[in-house]
Structure formats: structure tokens, C-alpha cells
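Report on the structure
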Amino acid sequence: MRFSPGMPLALALGVALGTGITLTHGVLAQKNKPDLPLRDLQTFVEILNRVKTDYVEPVTDEALLEDAVRGMLAGLDPHSSYLDKEEFAEISVQTSGKFGGLGIEVQLLNGFVRVIAPIDDTPAHKAGVQAGDLIVKIDETPVKGMSLTDAVKKMRGDPGSKITLTLVREGTAEPLVLEMKRDVINVSSVRGRMLEPGMGYLRVSTFSSLTGKALSDEFKKLRKAAPGGQLKGLVLDLRNNPGGVLNAAIEVSDAFLDKGIVVSIKGRVNDANREYNATPGDMLDGKPIVILVNGGSASASEIVAGALQDHKRALVVGTKTFGKGSVQTILPLQNDSAIKLTTARYYTPSGRSIQAEGIGPDITIRPVKVSKPDGAPGDFISEADLTGRLEGDKRPAETPEQLAERKKDQDAQQQLAETDYALYEALNLLKGMVIVGSR
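Model, not experiment: these values are computed from the prediction. (Residues numbered from 1 in each chain as written. Predicted model: local features only at pLDDT ≥ 70, side-chain atom pairs only at ≥ 80, totals over all residues. Heavy atoms only, no water.)

Here we come to the pattern of salt bridges. For the coordinates displayed, the defined rule picks out 20 salt bridges. With its nearest N and O atoms 2.8 Å apart, the salt bridge here joins Asp133 to Arg169. Note that Asp133 is positioned in the loop between helix H5 (123-127) and strand E5 (134-138) and Arg169 in the loop between strand E7 (162-168) and strand E8 (176-181), a separation of 36 residues in sequence. With a closest N to O distance of 3.1 Å, Lys431 and Glu196 form a salt bridge. Of the two residues, Lys431 sits in helix H11 (residues 421-438) while Glu196 sits in strand E10 (residues 190-196), which places them 235 residues apart along the sequence. Accessibility expressed as a relative area gives 22% for Glu196, which makes it partly exposed. Connected via shared salt-bridge partners are Asp120, Asp121, Arg191, Arg203, Asp237, Arg239 and Asp420. (Salt bridge = Lys/Arg side-chain N within 4 Å of Asp/Glu carboxyl O. Helix = DSSP H or I, 4+ residues; strand = E, 2+ residues; numbered from the N terminus. Buried < 20%, exposed > 50% of the residue type's maximum accessible area, 1.4 Å probe, protein only.)

Below, the structure is given as C-alpha cells:
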């Protein structure tokens with residue numbers, strides 16, 4: 001909406017409101033003809049004029065109207081917002097998998113910026129930012145009272161430029177001060193490796209338009225590296241994955257489902273009600289899957305975890321997810337800006353609402369610190385150590401190569417337990433599922 005500098009604000013708004021009334025009734029004629037609050041709109045016009053004439057400093061019509069729209073949308077829920085031309089353009093960049101900044105997904109909470117999750121291998125992740133952290137200062141500027149848009153703008157900047165974030169973390173007495181350098185964020189959303197022969201691992205850090213293909217490519221590499229070209233099972237790691245593109249979540253879920261509902265969307269408008277179904281073909285051929293989640297797993301991550309959990313296709317382990325189960329629709333406006341409006345809720349195949357509920361794990365695994373035990377692994381006394389024991393049937397002695405391989409496996413297990421206990425337990429659960437399935 002643009003106004004000429006010489007046009008009185010009241011007149012401009014009168015024209016705009018008159019046009020809006022005509023268009024609104026034309027569009028919403030089939031929705032029980034809702035009454036517009038004309039008296040409240042008149043009050044709104046009066047307030048704008050009072051601010052324009054009596055405020056201590058001059059304010060442009062454009063600034064007043066934009067702030068009014070931002071405030072209106074911010075009052076709805078944390079995910080609805082006004083996007084100016086620059087912000088609207090950046091939304092497309094973010095969903096493409098490449099953008100600038102620190103690499104964190106954030107929301108506004110009680111006047112502070114809360115970290116939903118850092119993205120893998122980004123400046124924020126490398127500096128030690130964690131899901132649940134509250135950002136209280138950006139450089140020397142307090143965040144309290146700042147809009148989310150302004151906070152995000154302040155965290156942006158030229159690649160290589162330095163920024164300092166002051167964070168408050170639950171369980172930590174003193175605020176944390178982390179310095180990092182901004183960078184261009186090229187999100188490699190899927191990474192894979194072999195945990196043990198035949199036991200694959202896929203890490204999905206975010207859901208962009210490229211995630212579905214990246215998952216397929218990484219899976220093919222894992223299968224090629226597996227003994228006999230077949231995987232026995234898979235750990236799908238969605239921890240600290242803040243979500244992203246809906247279609248990517250559907251593609252990832254569909255990759256492991258043969259049929260059935262993946263996710264349904266329900267809103268007030270009939271056009272917002274949709275149901276997405278899996279297509280035939282499970283690229284893992286029904287082999288066991290363990291999904292790792294935590295409080296930083298949100299939105300699209302919860303769609304995948306909920307779909308595979310409801311279809312009993314995977315065991316979900318870790319801690320309860322974030323609970324962001326609402327759908328945002330980007331509605332472009334005539335002035336190259338847009339509004340991001342919450343229009344519906346997500347539901348899992350069984351009809352569970354994700355919103356403010358999250359996905360509860362089948363087995364809870366809380367993050368713990370594991371250290372190497374004192375003494376050598378063989379400190380316990382066994383039958384072989386007893387004097388006068390009976391000898392068992394002799395088996396062929398292990399070759400030096402077999403001994404070295406067994407030692408290497410034991411060291412790898414110990415290292416995994418020390419560096420990522422949740423993944424260590426997920427692997428043990430996966431191995432148990434493979435054993436049970438083979439019987």
C-alpha cells in the first residue's frame with residue numbers, strides 16, 4: 001500500500017478501507033457475510049492521526065502503517081508476521097538451502113529471542129549455541145523489547161564480520177558470551193556414514209527443497225558401502241532440526257513408507273484442508289529404523305517422526321520434540337511485500353495434533369556425559385581366572401588380524417559412547433531390532 005506524500009492520512013485510509021470493504025465482501029460472500037468492525041476501524045484511523053500530529057517526532061505514513069500491520073500479525077501467534085520486500089526475498093533464499101547469517105532458527109519468547117535449534121556446521125553451531133538458549137544481547141544491544149524481525153536483522157551482516165551473542169542457558173548460573181563470525185550458510189542438509197557394518201546413519205539437519213534428493217543420494221552411498229550391498233538397519237538423526245519445507249518432510253517420510261497417510265493439514269478454510277499420502281516403495285525394504293529426536297526437533301522434523309511412529313515403521317527415541325505443528329502460508333502483497341500467516345495445523349496419520357504437544361519418544365534417552373571407566377575392560381574375574389578350573393572345548397585362536405579388528409570395534413564403541421551417548425544407545429536399540437527381526 002503506497003500513499004502520496006501530500007495525501008492526508010485519514011483520506012488515504014478512507015479510500016483504502018472503502019476499497020477493502022468492497023473486495024472483502026466480494027471474496028467472503030460465501031462465508032456468512034461477516035460484519036466488519038467499522039467503529040473500531042474509525043478508532044484505528046483516529047489513533048493514527050493522533051500519532052501523526054501529536055507524537056514528539058515526525059513519523060511517515062508508511063512507517064506508521066507498516067508498524068501497525070506488524071503489531072497486528074505479531075499479536076496472533078509467534079509464527080505470523082509481516083515481511084517487507086527484503087524479508088520476503090530472503091524467505092525464498094532460505095528454503096533453497098543457501099543463505100547468509102549465523103545458522104540458527106529462532107522465535108520470540110517473553111520478549112527474548114529463543115533458539116529453536118542451530119544448524120549443523122554453521123557459525124552458531126561451532127560456537128556452542130544450543131537449542132533452548134535465550135539470546136539476551138546482540139553485541140551490546142539488549143534484545144528485550146526488540147521485535148523478532150529487528151533481532152534477526154541485527155544478527156545478519158557481511159560474511160566474515162564478527163558478532164557477540166549473550167545467552168542465558170537453563171542450568172547455567174552465569175550468562176554465556178559467545179563470539180562468532182558471520183558466514184554464508186550453505187546447508188548440506190543430509191549427511192551419511194556407517195556406524196557398523198550394515199548399520200547406516202543419516203543425519204538430516206534441516207528440510208530444504210533439496211533434502212529429498214540429498215537423502216536418496218546419501219542412502220545409495222550407504223547401501224553401496226554395506227556388506228553385500230544391503231543395509232541391516234538405519235538410524236535417522238533429526239535432533240536439533242528446526243524444520244523447513246513441508247514437501248521435503250513428505251518426501252523423507254515417503255522414502256520409508258509403502259502406503260498410508262503421511263500428514264494431514266486442517267484449517268478454517270476448506271482450501272487449507274489437505275491430506276498427503278505415501279507412494280509405493282520403501283527404499284529400506286522394511287528393515288528397522290531408529291529415529292533420534294530432541295527438544296530442538298521442530299515442524300517438518302516432527303512430521304517425519306510422527307508419520308513413521310504412527311505407522312510403526314520406526315522406533316522414535318530421545319526426548320520430546322519442540323511442538324511446532326502449525327502451517328504458515330506466505331501471501332504476497334501488491335507492494336512486493338508479503339504476510340506470513342498461520343492458516344492450519346499439522347496432524348499425524350493417527351490424527352494427533354503436533355501443535356504445542358510435540359512427538360513423545362517411544363524410549364526416552366536423555367543426554368548424559370559418559371567417561372571412560374577406570375581400569376582395563378578385563379578387570380572383572382571370570383571362570384578362566386579361577387585355579388583348578390575345567391577346560392572348555394578349544395576353539396581356534398583368533399588371528400592377529402581378528403584381534404586387531406575386535407579391538408578397533410571396541411574402541412569405536414567406547415568413543416561413540418563418550419562423544420554421543422544418545423546415538424550410542426540408538427545404535428544398540430537398532431542392533432536389538434535387527435536381531436529380533438532375524439529370528
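Next, the rest of the story.
Let us now look at the confidence of the model for the protein chain. Across the protein chain, the average pLDDT comes to 84, with 87% of residues at 70 or higher. Note that residues 1-32 has pLDDT below 50 and, in this model, 25 contacts with residues that lie over four places away or in other chains. (pLDDT = per-residue confidence, 0-100. Contact = heavy atoms within 4.5 Å.)

What follows covers unusual backbone geometry. Note on backbone geometry: most residues besides glycine have negative phi, and most peptide bonds are trans. Despite not being glycine, Asp285 shows a phi value in the positive range, around 55 degrees. Residue placement: Asp285 occurs in the loop between strand E14 (274-277) and strand E15 (289-293). One non-glycine residue, Ala356, lies in positive phi territory at about 60 degrees. For Ala356, the position within the fold is in the loop between strand E18 (338-347) and strand E19 (363-364).

By size, the foremost hydrophobic cluster in this structure holds 44 residues, and its most contacted members are Phe207, Leu215, Leu236, Phe256 and Ile291. Sorting the residues of this core by element identifies strand E11 (199-204), helix H7 (211-225), strand E12 (233-237), helix H8 (246-254), strand E13 (261-267), E15, helix H9 (300-310) and E18 as the ones contributing at least two each. Residue contributions to this core peak at six residues, all from H9. With residues up to four places along the chain from it excluded, the contact list for Leu236 reads Leu202, Val204, Leu215, Phe256, Ile289, Val290, Ile291, Leu292 and Val304. By size, the runner-up hydrophobic cluster in this structure holds 18 residues, among which are Leu102, Ile104, Ala151 and Leu165. (Core = buried A, V, L, I, M, F, W, Y, C linked by side-chain atoms within 4.5 Å.)

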